[in-house]
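Tertiary structure, described
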Amino acid sequence: MGIQLRSFQFLLTFLMTCSLLAQEFDAFQYRTIGPARGGRVTTVTGTPMEPGTFYLGASGGGVWKTTDYGTTWNNVSDGFFTTPSIGAIEVALNDPNIVYVGTGSDGIRSNIIAGKGMYKSIDAGKTWEHIGLDNVGQIGAVEIDPNNNNNVWVAAIGNAFKSNPERGIFKTMDGGKTWEKVLFVSDEVGFADLELLPGNPNVVYAAAWKARRTPWTIDSGGKNSEGGIYKSVNGGKTWEKLEEGLPKGLIGKIDLAVSPVDSRILYAVIEALEKERGLYKSVDQGKSFTHVSDDERLVNRPFYYTNIELDPTNPDIVYSNANPLIKSTDGGKTWKRMSVPHGDNHDIWLNPNNPNLLIQCNDGGANVSHNGGETWSTQFNQPTAEIYQVAVDDQYPYWVYGAQQDNTTIAIPSTSPLASTTPGNTIMMNVGGCETGPVIPMPGNHYMVYNNCKGRFSVYSKITGIDREYSIGASNIYGHNPKDLKYRFQRVAPIHVSPYDPKVVYMGSQFLHKTNDGGKHWEIISPDLTANETDKQVISGNPITRDITGEEYYSTLYSIRESKITKGLIWTGSNDGVISVTRDGGATWKDVTPKKLPKGGRVESVEPSQFDPAKAYIAVDRHLLGDTKPYLYKTENYGESWELISTDSNGIPSDYTTRVLREDPGKAGLLYAGTEFGMFVSWDDGKTWKSFQQNLPVVPITDIILFRGDLILSTMGRGFWILDNVSTIQNFRDFDLGHMTLFKPDNTIRYISPRGGDYPDYPTTNVTIDYYLPGDMKSGVKLDILDVQGKVVASIVADSTQLQSTTEKVEDMALSATFVYMDKKLETKKGINRFAWDLRQKGPWDKNKSRRYKNGPMVPPGKYTARLTVGETTVEQPFEVLVDPRLKQDGVSLEDILEQQDLQFKVIDLLSEARMFQDEVEQKIKELEKSKVGDAKLDHFKEILKQLKNEEGAYPQQMMVPQITYLYYILSSGDKEPGQEEKDRHQELLEQFNALKQKASL
């Protein structure tokens, strides 16, 4: 019987928990802090019918739209797309409401995000429908028949990391309901581009490309039979391969352009061997080609760039997007470099009615020009940054650090600093190193920042702005065959600061290196901790173009962590799948790679438990090997055995590659996992996982950190995000969720900060109060905040009925009465709800009821209690408001704040009384004007009113009520010891008011 009862209780608890999880914690919302600086944009387009409207497609940021020539950008794909990676966007020529998007960017770097097929909008991007081609991988081009927007063509490159049959040219004739593969070469050859002949969309050109990415190389191109240009003259029913004048040997990536004003002219930029590379031109619709230019800039890193476009009014004006952006005005014979806001160029679109109006994109974002490229719109309004990792410093408020791909390292405040005078603007600081990071502020001294830049270690000083390099080996390793290197550093080489000594830093090549003095001296404290297979130690870039940027260096360390509870217990993971551990600071090492883990994956994160030294977690990414399964493991015996905690059925989809796993420092068994397509959480040490996406856009989560009760994320395409105050997530399973529950609020630092804007999302200081309701409540929800003496400093109700039923009537409320107000954000719906109390006490009386008693001072630091009343049930939880730690340095004490508040409330009382008195005088004047008792009495009260209220007009003399208001403003400008002038002024105004009141004789 006892067993049956326990089983029933367990089942009931399980069902209630599942019911709660089904709500996905809607009350918890992430906020973005930027940066606003753009990231890599792979495709852009516009529409001639709406010249101010443009679209951009980012490599990890989704689709964005502007309707004001790039002055502002808004995301239009969030909530619809299942991948943020965009390869091509096309707008129907005669209907700007019809937009097709192909996902999966075509610049196949090692960190590209998989495409998920095609999307279509019939309302200019307001809503989207997925229309198939789920498995075609990266999409190089989309073309719409100008005569029928239901006829659409797609060039599919395929899966970038393995062979797959879903490569080729696809066509739909019913707007995406059905697709036909009309051209296929092999499961290793895809198509990077296609073009329709102007005036006859049945004539189609397509560019075949054999391409594959592995962790150690990039294969771009193959035998001539595996690539080249194809042409169809019957809508794709049959094809011929164009040969005359084109390269005869190896052939790689190709991009095409057909002149809109002369359909005979076809250009092709082709990756080929040195004498055959470059630009080709046909003047007979592809029957024959002439090699026009072998300028190296045309095929600079061809797998990543390779894009040409023509002026829509002049076939001799040709643009080449690579590194750099170059332009020809003589049909490609000679080229001139164009200046753009950022390097690494990918696409360009020119308005056919006005080619001086154009949009261009690069690794810094998208930029619009009205004058043919002489000047450009800003890239600091499109938050699509790709961030590799996240770190925080220990200042107040803390700042968030990371490295932005294709840009610099950055530090950004987690909330609006007081020095910010422009709400809504991103504040950021370059802190040394470069685009790859990591970047880690020194604990205890945030003015010093440790950096990596593509394997080179440096220490940056915020004070002087100097970045001092102390690279291991002091050698530039770019361009080398990795087998010849003394130290192999991956482009994103890991660094880790010891939790026991901020001057001890670890860095990984194939060895673990350690410094005790900020990099001046390094020692090797390990053997080679990688698999180091000789066949993977090769020059990257086959079979045509070398490409050795460091991200192809294989068999290097990729993650390092020292245990926070056992000094000298260090875990490492390599980018070829090896897990190692030392328990004696590096004297001895053991390979503890899970036996069932498929070899060769990138160990994205190692996470020693903060509760048990024998326990650790790893996240392994094998998508570069064509395996997108999530691989999360845990060990409870120092790696002697491992358990897979990301199975096919425990919550994380089977194609969500895992990038990072972190343990909550406040709750054993509470885990957070960042995947290729979003966030997951586990409350049972990885037995089950639940999506924890909330309002977060679909984007790869590259790193996670938990700090001061916040969950902080970096993403590969949408910058940094923060979920504030996660203590409820830690503790909700400890409560009986069959009843109303009030969770204990976090202790809150009392910052005085300016109000932020919508972006970045900087909240004002608040105490986050979470509560659970077992059912929907139409009314009867009330929140009281009590001070340490049990006095109610604020009472918040969920609806106006409760406000009207309180014992105090607003019109007759005494100045000492409880501050009661209604707030619609005090939710009454079933499940977990979150309310942000702004710490405000009762302010002065105001004639306007909506402002009455609002904007009072924040409560002083101290102990408080939240009391939640739902119907007849009341529960309480204590919390503390903490003093701003920076105030001590400014010479401001708690006693000063309390003295300030005492004077503030004296001024509030005076201001309230003065405003009420002014209202009384105004009412008296109205009565006298109606009664027509005579001018003498009327003039008496008008004279009293003149002394209370300002005259109308510009710059009036400030009278008594505005003077009291100004004194309140001075006292509320910041925490301080009140000045003697303020004390004297209060006394002076009090005496003047009493005298005036006596004179009025009301």
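How each quantity is defined
- Residues numbered from 1 in each chain as written.
- Predicted model: local features only at pLDDT ≥ 70, side-chain atom pairs only at ≥ 80, totals over all residues.
- Heavy atoms only, no water.
- Helix = DSSP H or I, 4+ residues; strand = E, 2+ residues; numbered from the N terminus.
- Rg over C-alpha atoms; globule rule 2.2 N^0.38 Å.
- Buried < 20%, exposed > 50% of the residue type's maximum accessible area, 1.4 Å probe, protein only.
- Contact = heavy atoms within 4.5 Å.
- Lys, Arg positive; Asp, Glu negative; His and termini not counted.
- Charge placed at Lys NZ, Arg CZ, Asp CG, Glu CD.
- Disulfide = S-S within 2.5 Å.
- Pairing = 2+ DSSP bridges.
- Core = buried A, V, L, I, M, F, W, Y, C linked by side-chain atoms within 4.5 Å.
- Polar contact = N/O pair within 3.5 Å; in protein donor to acceptor, adjacent residues only side chain to side chain.
- Expected span 1.5 Å × (residues − 1).
- Arc of directions from axis to C-beta.
- Salt bridge = Lys/Arg side-chain N within 4 Å of Asp/Glu carboxyl O.
- pLDDT = per-residue confidence, 0-100.
- Phe/Tyr/Trp six-rings, centres within 6.5 Å; stacked < 30°, edge-to-face > 60°.
- Lys NZ or Arg CZ within 6 Å of the ring centre and 35° of its normal.

Okay, the overall build of the protein chain next. Across its full length, the protein chain carries seven helices and 65 strands. Relative to its length of 1002 residues, the protein chain is compact, with a C-alpha radius of gyration of 33 Å against a globular reference of 30 Å. Dimensions along the principal axes, computed over C-alpha positions, put the protein chain at roughly 105 × 75 × 65 Å. In the protein chain, which comprises 1002 residues, the proportion classed as buried is 60%. Relative to all contacts within the protein chain whose residues are 6 or more apart in sequence, the contacts with residues 24 or more apart total 57%. The positive charge centre, built from 106 side chains, and the negative charge centre, built from 126, are 1 Å apart in the protein chain.

Okay, the state of the cysteines next. Throughout the structure, instances matching the rule amount to one disulfide. Here Cys434 engages in a disulfide with Cys453; their sulfurs sit 2.0 Å apart. Torsion about the S-S bond of the Cys434 and Cys453 cystine: about 100°, corresponding to right-handed handedness. One end of the pair, Cys434, is in the loop between strand E32 (409-413) and strand E33 (439-442); the other, Cys453, is in strand E34 (residues 445-453), with 19 residues separating them in the sequence. Note on Cys453: relative accessible area 10%, which makes it buried.

What follows covers the sheet that holds strand E5 (residues 74-75). Spatially, four strands are ordered E2-E3-E4-E5 in an open sheet, and the strand pairing comes out antiparallel. Strands with a single pairing partner mark the edges of an open sheet, and in this sheet they are strand E2 (41-46) and E5. As judged from the five bridges shared by E2 and strand E3 (residues 54-58), these two strands associate in the antiparallel manner. When the bridges of E3 are listed, Val41 appears paired with Ala58.

A few words now on the nonpolar core. Judged by nonpolar contacts, the single largest core of 29 residues is most densely connected at Leu783, Ile785, Ile796 and Trp837. Leu783 has contacts with Ile769, Ala794, Ser795, Ile796, Leu826, Phe835, Ala866, Arg867 and Leu868, leaving out every residue within four places of it along the chain.

Looking now at the side chain of Gln693. Within the secondary structure layout, Gln693 lies in the loop between strand E53 (690-691) and strand E54 (701-707). There is a polar contact of 2.9 Å between the side chain of Gln693 and the backbone nitrogen of Met679. In contact with Gln693, not counting residues within four places along its chain, are Tyr30, Phe677, Gly678, Met679 and Val698.

Take Val233: it is sitting in the loop between strand E17 (228-232) and strand E18 (240-242). Residue classification places Val233 among the exposed positions, given a relative accessible area of 54%.

In terms of burial, strand E43 (residues 570-574) is largely enclosed, as five of its five residues are buried. Of the two faces of E43, the one carrying Ile570, Thr572 and Ser574 and the one carrying Trp571 and Gly573 are both buried. Here E43 hands over to strand E44 (residues 579-582) after four residues, with Gly577 in that stretch at a positive phi of 95°.

One open sheet accounts for three strands, arranged E57-E59-E63; its pairing is antiparallel. Across the chains shown, the open sheet's two edge strands, defined by having one partner strand only, are strand E57 (741-742) and strand E63 (831-837). Here E57 runs beside strand E59 (residues 767-773); their pairing, made up of two bridges, is antiparallel. The residue bridging Thr741 from the neighbouring strand is Tyr772, located in E59.

This paragraph deals with helix H5 (residues 935-948). Residues spaced three or four apart along an α-helix face the same direction, because each turn holds 3.6 residues. Between the first and last C-alpha of H5 there are 20 Å, a value that for 14 residues agrees with the 20 Å anticipated at 1.5 Å per step. Listed as buried for H5 are Leu938, Phe941, Ile944, Leu945 and Leu948. The arc enclosing the buried residues of H5, seen along the axis, measures out at 125°, which places them on a common side. Opposite the buried face of H5, by more than 90 degrees, sit the exposed residues Asp935 and Ala936.

So, on to the pairing of strand E31 (residues 399-403). Across the five residues that make up E31, a large majority, five, are buried. Bridging between strand E30 (residues 391-392) and E31 involves two bridges; their strand directions are antiparallel. The partner of Ala391 across the bridge, within E31, is Tyr401. Here E30 folds back onto E31, and the loop between the two strands holds six residues.

Another point: the pattern of salt bridges. Taken as a whole and assessed by the stated rule, the structure comprises 46 salt bridges. Between Glu922 and Lys847 there is a salt bridge; the shortest N-O distance is 3.6 Å. In this pair, Glu922 is assigned in helix H4 (residues 894-931) and Lys847 in the loop between E63 and strand E64 (862-870), connecting sequence segments 75 residues apart. Residue classification places Glu922 among the buried positions, given a relative accessible area of 14%. Linking Arg886 and Asp884 is a salt bridge whose minimum nitrogen-to-oxygen distance equals 2.8 Å. Among the residues examined, Arg886 registers a relative accessible area of 30% and is labelled partly exposed. Linked through salt bridges whose partners overlap, the residues forming this network are Arg40, Asp363, Glu386 and Asp406.

Turning next to helix H6 (residues 960-971). A rise of 1.5 Å per residue sets the reference length of H6, with its 12 residues, at 16 Å; its end C-alpha atoms lie 17 Å apart and thus fit the reference within 8%. In this fold, the buried residues of H6 make contact with H4, H5 and helix H7 (980-1000).

With that settled, consider the confidence of the model for the protein chain. When pLDDT is averaged along the protein chain, the result is 93; 95% of the residues meet or exceed 70. A low-confidence stretch, residues 1-19 stays under pLDDT 50, and its non-local contacts, those more than four residues away or across chains, total five contacts. Long-range and interchain partners of residues 806-816, a stretch whose pLDDT sits below 50, account for 19 contacts in this model, where long-range means more than four residues apart.

On to unusual backbone geometry, then. Each neighbour pair has its own omega, and for Gly437 with Pro438 the value is 0°, a cis peptide bond. Looking at the secondary structure, you find Pro438 in the loop between E32 and E33. Omega for the peptide link from Asn542 to Pro543 comes to -10°, which places this bond in the cis form. Mapping Pro543 onto the fold places it in strand E41 (residues 542-543). One non-glycine residue, Gln285, lies in the positive phi region at around 55°. Looking at the element boundaries, Gln285 is found in the loop between strand E21 (278-282) and strand E22 (290-293). In the Ramachandran plot, Asp685 falls in the positive-phi region, its phi being about 60° despite a non-glycine side chain. Within the secondary structure layout, Asp685 lies in the loop between strand E52 (678-682) and E53.

The next subject is the environment of Phe489. Tracing the backbone shows Phe489 in the loop between strand E36 (467-469) and strand E37 (495-497). Each residue touching Phe489, except ones within four places of it in the same chain, is listed here: Gly455, Ile472, Ile477, Met507, Gly508, Ser509, His513, Gly550, Tyr553 and Thr556.

Turning our attention to the environment of Lys223. Relative to the assigned elements, Lys223 resides in the loop between strand E16 (217-220) and E17. Considering only alpha carbons, one finds Lys223 and Gly249, 26 residues apart in sequence, at a separation of 6.7 Å. Residue contacts for Lys223: discarding those within four places in its chain leaves Leu250 and Ile251.

Evaluation of the coordinates by the stated rule reveals 26 aromatic pairs. Pairing Trp153 with Trp239 gives two aromatic rings, centres 6.5 Å apart and planes at 85°, and the pair type is edge-to-face. In this pair, Trp153 is assigned in strand E11 (residues 152-158) and Trp239 in the loop between E17 and E18, connecting sequence segments 86 residues apart. Relative to Tyr305, the ring of Tyr304 has its centre 4.9 Å away and its plane inclined at 50°; by these criteria the two rings are tilted. Like Tyr305, Tyr304 is buried. Site record: aromatic cluster; members linked through ring pairs are Phe25, Phe28, Tyr30, Tyr672, Trp683 and Phe692. For Arg109, the ring lying beneath its charged end belongs to Tyr304, and the centroid distance is 5.1 Å. Between the NZ or CZ atom of Lys181 and the centre of the ring of Phe184, over which it lies, the distance is 4.1 Å.

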